[in-house]
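Observations on chain architecture
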Amino acid sequence: PSPATVSACCSLSTLLVTGAGLFAQSLLNLRTLGPGFDTSQIVTFALDATLSGHAREAARQLYRTLGDRLAALPGVTASSFASEAVLIGNVSARTVQVQGYQAQQSEDLNPWTNEIGPGYFAALGIPVLAGREFSARDIDGAPRVAVINETFAKYFFGSENPIGQHVRMGPNPSGPWSTVVGVIGDIRHAGLEAEPAPELYVNYL
(Lines give C-alpha, C1' and ligand atoms only; values in the text may rest on other atoms or scores of the structure.)
Protein backbone atom coordinates (compact mmCIF):
# COMPACT_ATOMS: atom_id res chain seq x y z
CA PRO A 1 0.00 0.00 0.00
CA SER A 2 1.04 3.57 -0.58
CA PRO A 3 2.26 5.80 2.28
CA ALA A 4 -1.01 7.78 2.08
CA THR A 5 -3.06 4.60 2.52
CA VAL A 6 -0.96 3.49 5.51
CA SER A 7 -1.34 6.94 7.08
CA ALA A 8 -5.11 6.88 6.58
CA CYS A 9 -5.40 3.39 8.09
CA CYS A 10 -3.33 4.44 11.12
CA SER A 11 -5.46 7.53 11.62
CA LEU A 12 -8.68 5.49 11.39
CA SER A 13 -7.34 2.87 13.81
CA THR A 14 -6.38 5.57 16.30
CA LEU A 15 -9.86 7.10 15.99
CA LEU A 16 -11.56 3.73 16.57
CA VAL A 17 -9.38 2.91 19.59
CA THR A 18 -10.01 6.35 21.09
CA GLY A 19 -13.75 6.04 20.50
CA ALA A 20 -13.84 2.59 22.09
CA GLY A 21 -11.94 3.88 25.11
CA LEU A 22 -14.34 6.80 25.57
CA PHE A 23 -17.34 4.47 25.25
CA ALA A 24 -15.91 2.09 27.85
CA GLN A 25 -15.24 5.02 30.20
CA SER A 26 -18.84 6.22 29.74
CA LEU A 27 -20.17 2.78 30.64
CA LEU A 28 -17.95 2.71 33.73
CA ASN A 29 -19.17 6.15 34.78
CA LEU A 30 -22.82 5.08 34.41
CA ARG A 31 -22.21 1.98 36.53
CA THR A 32 -20.74 4.04 39.34
CA LEU A 33 -23.59 6.58 39.35
CA GLY A 34 -26.29 4.25 40.67
CA PRO A 35 -30.02 4.82 40.10
CA GLY A 36 -30.86 5.63 43.73
CA PHE A 37 -32.66 2.35 44.38
CA ASP A 38 -31.90 -1.37 44.62
CA THR A 39 -31.92 -3.11 41.22
CA SER A 40 -30.50 -6.44 42.37
CA GLN A 41 -33.69 -8.49 42.73
CA ILE A 42 -36.43 -6.57 40.91
CA VAL A 43 -38.72 -7.87 38.20
CA THR A 44 -40.91 -5.46 36.24
CA PHE A 45 -43.51 -5.92 33.54
CA ALA A 46 -46.05 -3.75 31.74
CA LEU A 47 -49.82 -4.18 31.97
CA ASP A 48 -52.55 -1.83 30.78
CA ALA A 49 -55.95 -3.11 31.85
CA THR A 50 -57.75 -0.36 29.93
CA LEU A 51 -56.67 -1.99 26.65
CA SER A 52 -58.91 -4.92 27.61
CA GLY A 53 -61.89 -2.63 28.12
CA HIS A 54 -61.54 -2.15 31.89
CA ALA A 55 -62.83 1.18 33.16
CA ARG A 56 -60.59 3.09 35.57
CA GLU A 57 -62.24 1.72 38.72
CA ALA A 58 -62.12 -1.86 37.41
CA ALA A 59 -58.48 -1.37 36.42
CA ARG A 60 -57.61 -0.10 39.89
CA GLN A 61 -59.22 -3.15 41.46
CA LEU A 62 -57.37 -5.45 39.06
CA TYR A 63 -53.99 -3.88 39.88
CA ARG A 64 -54.71 -4.05 43.60
CA THR A 65 -55.72 -7.72 43.41
CA LEU A 66 -52.74 -8.60 41.21
CA GLY A 67 -50.38 -6.81 43.60
CA ASP A 68 -51.74 -8.74 46.57
CA ARG A 69 -51.43 -12.08 44.74
CA LEU A 70 -47.88 -11.33 43.63
CA ALA A 71 -46.87 -10.32 47.16
CA ALA A 72 -48.17 -13.67 48.43
CA LEU A 73 -45.92 -15.70 46.10
CA PRO A 74 -42.99 -17.55 47.72
CA GLY A 75 -39.80 -15.50 47.57
CA VAL A 76 -41.56 -12.21 46.85
CA THR A 77 -40.89 -9.63 49.55
CA ALA A 78 -42.94 -6.73 48.12
CA SER A 79 -44.93 -5.69 45.09
CA SER A 80 -46.46 -2.48 43.80
CA PHE A 81 -47.24 -0.65 40.58
CA ALA A 82 -46.71 2.69 38.85
CA SER A 83 -47.96 4.50 35.79
CA GLU A 84 -44.37 5.29 34.75
CA ALA A 85 -41.71 2.60 35.14
CA VAL A 86 -38.14 3.53 36.07
CA LEU A 87 -35.07 3.43 33.81
CA ILE A 88 -36.93 3.00 30.52
CA GLY A 89 -36.69 6.63 29.44
CA ASN A 90 -40.37 7.50 29.88
CA VAL A 91 -41.48 10.25 32.24
CA SER A 92 -44.72 12.16 32.68
CA ALA A 93 -44.73 15.88 33.46
CA ARG A 94 -47.74 17.91 34.58
CA THR A 95 -48.36 21.43 35.73
CA VAL A 96 -48.42 21.74 39.51
CA GLN A 97 -49.25 24.46 41.98
CA VAL A 98 -47.51 24.73 45.32
CA GLN A 99 -49.42 26.63 47.97
CA GLY A 100 -47.53 29.77 48.99
CA TYR A 101 -44.94 29.48 46.20
CA GLN A 102 -44.64 32.55 44.00
CA ALA A 103 -43.67 31.44 40.52
CA GLN A 104 -41.42 33.61 38.40
CA GLN A 105 -42.41 34.68 34.91
CA SER A 106 -41.84 31.85 32.39
CA GLU A 107 -40.80 29.48 35.19
CA ASP A 108 -41.23 25.81 34.37
CA LEU A 109 -43.79 24.40 36.81
CA ASN A 110 -44.07 21.01 35.16
CA PRO A 111 -42.20 18.53 37.36
CA TRP A 112 -42.21 14.83 36.67
CA THR A 113 -45.28 13.09 38.07
CA ASN A 114 -46.08 9.45 38.73
CA GLU A 115 -49.16 7.58 39.94
CA ILE A 116 -48.08 4.72 42.17
CA GLY A 117 -49.51 2.09 44.50
CA PRO A 118 -48.92 1.55 48.22
CA GLY A 119 -45.53 0.09 49.11
CA TYR A 120 -43.91 1.32 45.88
CA PHE A 121 -40.86 2.89 47.54
CA ALA A 122 -40.34 -0.08 49.83
CA ALA A 123 -40.52 -2.47 46.87
CA LEU A 124 -37.79 -0.56 45.02
CA GLY A 125 -35.71 0.15 48.09
CA ILE A 126 -36.07 3.93 47.70
CA PRO A 127 -35.35 5.59 51.06
CA VAL A 128 -38.09 7.65 52.69
CA LEU A 129 -36.20 10.64 54.10
CA ALA A 130 -39.12 12.22 55.95
CA GLY A 131 -42.72 11.32 56.70
CA ARG A 132 -44.17 8.21 55.10
CA GLU A 133 -45.10 6.64 51.81
CA PHE A 134 -48.61 5.73 50.68
CA SER A 135 -50.52 3.05 52.52
CA ALA A 136 -53.68 1.02 51.92
CA ARG A 137 -55.73 3.64 53.78
CA ASP A 138 -54.96 6.34 51.19
CA ILE A 139 -57.84 5.42 48.91
CA ASP A 140 -60.86 7.22 47.43
CA GLY A 141 -62.67 9.11 50.16
CA ALA A 142 -59.54 9.57 52.27
CA PRO A 143 -57.72 12.94 52.42
CA ARG A 144 -55.65 13.50 49.29
CA VAL A 145 -51.93 13.07 49.92
CA ALA A 146 -48.72 13.33 47.91
CA VAL A 147 -45.09 12.31 48.18
CA ILE A 148 -42.25 14.36 46.70
CA ASN A 149 -38.59 13.69 46.05
CA GLU A 150 -35.72 15.57 47.67
CA THR A 151 -35.12 17.77 44.62
CA PHE A 152 -38.80 18.85 44.58
CA ALA A 153 -38.62 19.66 48.31
CA LYS A 154 -35.49 21.81 47.93
CA TYR A 155 -36.76 23.59 44.82
CA PHE A 156 -40.17 24.60 46.14
CA PHE A 157 -39.73 24.66 49.91
CA GLY A 158 -36.05 25.47 50.46
CA SER A 159 -35.20 25.03 54.12
CA GLU A 160 -38.86 24.75 55.19
CA ASN A 161 -40.27 21.43 56.33
CA PRO A 162 -42.27 20.10 53.34
CA ILE A 163 -44.37 17.70 55.42
CA GLY A 164 -47.86 19.14 55.75
CA GLN A 165 -47.43 21.53 52.84
CA HIS A 166 -50.00 21.52 50.04
CA VAL A 167 -49.63 20.89 46.32
CA ARG A 168 -52.16 20.76 43.53
CA MET A 169 -51.83 18.94 40.22
CA GLY A 170 -53.06 20.80 37.18
CA PRO A 171 -53.55 24.50 36.41
CA ASN A 172 -57.15 24.60 37.73
CA PRO A 173 -57.16 27.20 40.54
CA SER A 174 -60.15 25.50 42.19
CA GLY A 175 -58.79 21.95 42.01
CA PRO A 176 -58.28 19.89 45.18
CA TRP A 177 -55.11 20.28 47.23
CA SER A 178 -53.03 17.30 48.33
CA THR A 179 -51.04 17.27 51.57
CA VAL A 180 -47.38 16.28 51.35
CA VAL A 181 -46.90 13.31 53.69
CA GLY A 182 -43.46 12.09 52.62
CA VAL A 183 -40.13 12.96 51.03
CA ILE A 184 -38.08 10.29 49.26
CA GLY A 185 -34.48 10.20 48.11
CA ASP A 186 -33.76 11.24 44.52
CA ILE A 187 -33.64 8.54 41.88
CA ARG A 188 -32.51 8.60 38.26
CA HIS A 189 -35.97 7.88 36.93
CA ALA A 190 -35.42 8.55 33.24
CA GLY A 191 -32.08 6.73 33.01
CA LEU A 192 -28.64 6.60 34.55
CA GLU A 193 -27.41 9.48 32.41
CA ALA A 194 -30.30 11.80 33.43
CA GLU A 195 -29.94 13.98 36.51
CA PRO A 196 -32.73 13.72 39.12
CA ALA A 197 -35.51 16.26 38.56
CA PRO A 198 -38.30 17.51 40.84
CA GLU A 199 -40.82 14.67 41.07
CA LEU A 200 -44.31 14.45 42.53
CA TYR A 201 -46.03 11.16 43.37
CA VAL A 202 -49.76 10.66 43.89
CA ASN A 203 -51.59 7.52 44.94
CA TYR A 204 -53.18 5.70 42.01
CA LEU A 205 -55.78 4.20 44.34
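Now for a description of the structure that goes with this document. (Residues numbered from 1 in each chain as written. Predicted model: local features only at pLDDT ≥ 70, side-chain atom pairs only at ≥ 80, totals over all residues. Heavy atoms only, no water.)

**Points about unusual backbone geometry**
Where we set the bar: For the purposes of this entry, the term helix denotes a DSSP run of H or I that reaches at least four residues, the term strand denotes a run of E that reaches at least two, and both are numbered from the N terminus.
Its identity as a non-glycine residue notwithstanding, Ser106 has a phi of 65°, on the positive side. Turning to its location among the elements, Ser106 is positioned in the loop between β2 (96-98) and β3 (112-116).

**Digging into the environment of Phe157**
Rules: Categorising residues by exposure relies on relative accessible area from a 1.4 Å probe, with only protein chains included: less than 20% of the type maximum marks a residue as buried, more than 50% marks it as exposed, and the intermediate range marks it as partly exposed. Here, two residues are considered to be in contact whenever any of their heavy atoms come within 4.5 Å of each other.
Along the polypeptide, Phe157 turns up in helix α4 (residues 150-157). Judged by its relative accessible area of 5%, Phe157 falls in the buried class. Along the sequence, Phe157 and Tyr101 sit 56 residues apart, while their C-alpha atoms lie 8.0 Å from each other. When residues no more than four places from it in sequence are discounted, the contact partners of Phe157 are Val98, Ile148, Phe152, Pro162, Gln165 and Val167.

**Structural notes on the nonpolar core**
Counted only if it meets this: Among the buried residues, those of types Ala, Val, Leu, Ile, Met, Phe, Trp, Tyr and Cys that are joined through side-chain atoms within 4.5 Å form a nonpolar core.
Counting 14 residues, the largest nonpolar core has Tyr120, Phe121, Ile126, Val147 and Tyr201 as its most contacted members. Breaking this core down by element, the ones donating at least two residues are α3 (120-124), β5 (145-149) and β7 (178-184). Residues in contact with Tyr201, not counting those within four places in the same chain, are Asn114, Ile116, Tyr120, Phe121, Phe134, Ala146, Val147, Ile184, Ile187 and His189. Membership of the second largest hydrophobic core comes to 13 residues, among which are Leu109, Ala146, Phe156 and Val167.

**Regarding a nonpolar patch on the surface**
Threshold: Patches in this entry comprise residues that are over 30% relatively accessible and not in a salt bridge; like charges within 9 Å are linked, as are nonpolar side chains (Val, Leu, Ile, Met, Phe, Trp, Tyr) within 5 Å. Accessible surface area values rest on a Shrake-Rupley calculation with a 1.4 Å probe, where residue burial reflects the displayed protein chains alone. For this analysis, a salt bridge means a side-chain nitrogen from Lys or Arg found within 4 Å of a carboxyl oxygen belonging to Asp or Glu.
Nonpolar side chains collect at one region of the surface, where Phe45, Leu47 and Leu62 lie side by side and expose about 280 Å² of accessible area between them. When you line up the elements, Leu47 lands in the loop between α1 (3-33) and α2 (56-71).

Limitation: the analysis is restricted to geometry and does not speak to function.
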